[in-house]
Amino acid sequence: MAAFASVWMGLACLIVATTMFLWRPAFTDFWIWFVLWLGAPGTMCIAGLVLWSYRKDDHDEPGILAQRVQCKAAIAMAIVASAIVYALIIGSEKLLDGLL
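Conventions we followed
- Counting restarts for each chain: residues are numbered from 1 in the order of the written sequence.
- A pLDDT threshold of at least 70 governs which residues receive local features in this predicted model, and a stricter bar of 80 or more applies before side-chain atom pairs are shown or counted, although totals over entire chains, interfaces and linings include all residues.
- To obtain the side-chain values, all non-hydrogen atoms of the structure were included, while hydrogens and water were left out.
- Patch building starts from residues that exceed 30% relative accessible area and form no salt bridge, then joins like charges within 9 Å and nonpolar side chains (Val, Leu, Ile, Met, Phe, Trp, Tyr) within 5 Å.
- Areas reported here follow the Shrake-Rupley algorithm with a probe of radius 1.4 Å; residue values treat only the protein chains shown as occluding.
- By convention in these notes, a salt bridge is any Lys or Arg side-chain nitrogen within 4 Å of a carboxyl oxygen on Asp or Glu.
- We count a stretch as a helix when DSSP gives it H or I for four or more residues in a row; a strand needs E for two or more, and each element gets its number in order from the N terminus.
- Working definition: with a 1.4 Å probe on protein chains only, accessible area under 20% of the residue-type maximum means buried, over 50% means exposed, and in between means partly exposed.
- Think of a nonpolar core as a cluster: buried Ala, Val, Leu, Ile, Met, Phe, Trp, Tyr and Cys residues, connected wherever their side-chain atoms sit within 4.5 Å.
- It only takes one pair of heavy atoms within 4.5 Å for two residues to be counted as in contact.

Q: Please explain a nonpolar patch on the surface as it appears in this structure.
A: Side chains of Phe 30, Trp 31, Trp 33, Trp 37 and Leu 38 sit close together on the surface and give an oily, nonpolar patch of about 600 Å² of accessible area. For Trp 31, the location among the structural elements is in helix 2 (residues 29-53). For Trp 31, a relative accessible area of 33% translates into the label partly exposed.

Q: Sorry if this is basic, but what is going on with the nonpolar core here?
A: Taken as a class, soluble globular proteins show a tendency for nonpolar side chains to be buried jointly. Among the nonpolar cores identified, the biggest contains 11 residues, and these are Cys 13, Val 16, Ala 17, Met 20, Ala 26, Ile 32, Val 35, Leu 36, Ala 81, Val 85 and Leu 88. Elements represented by at least two residues in this core include exactly helix 1 (2-22), helix 2 and helix 3 (62-90). In terms of residue count, the dominant contributor to this core is helix 1 (4 residues). Among all residues touching Ala 81, those that are not within four sequence positions of it are Cys 13, Leu 14, Ala 17 and Val 35. Counting 7 residues, the second-largest nonpolar core is a separate cluster that includes Ala 3, Ala 47, Ala 74 and Met 77.

Here you go:
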């Protein structure tokens, strides 16, 4: 169940990061915090724990193989989401005081 949750968390992070990239009004402090401090690290932590728990299992059980694939996909989505948000932060322009 943790592998399933991690893949959905990774997908949520990726959707939020893509939304911030495509629709700039969504590029706010809350969503940056959500992706970089909560979503992506949480996704990688849960997926890493599942992968760690199966590290010595060489069984070809379909359930274990599916969980490993889900965890690897979750980690990949979290990394891509973090990269998108960091690229947005690096490429952002500073607003002058008094404009908002």
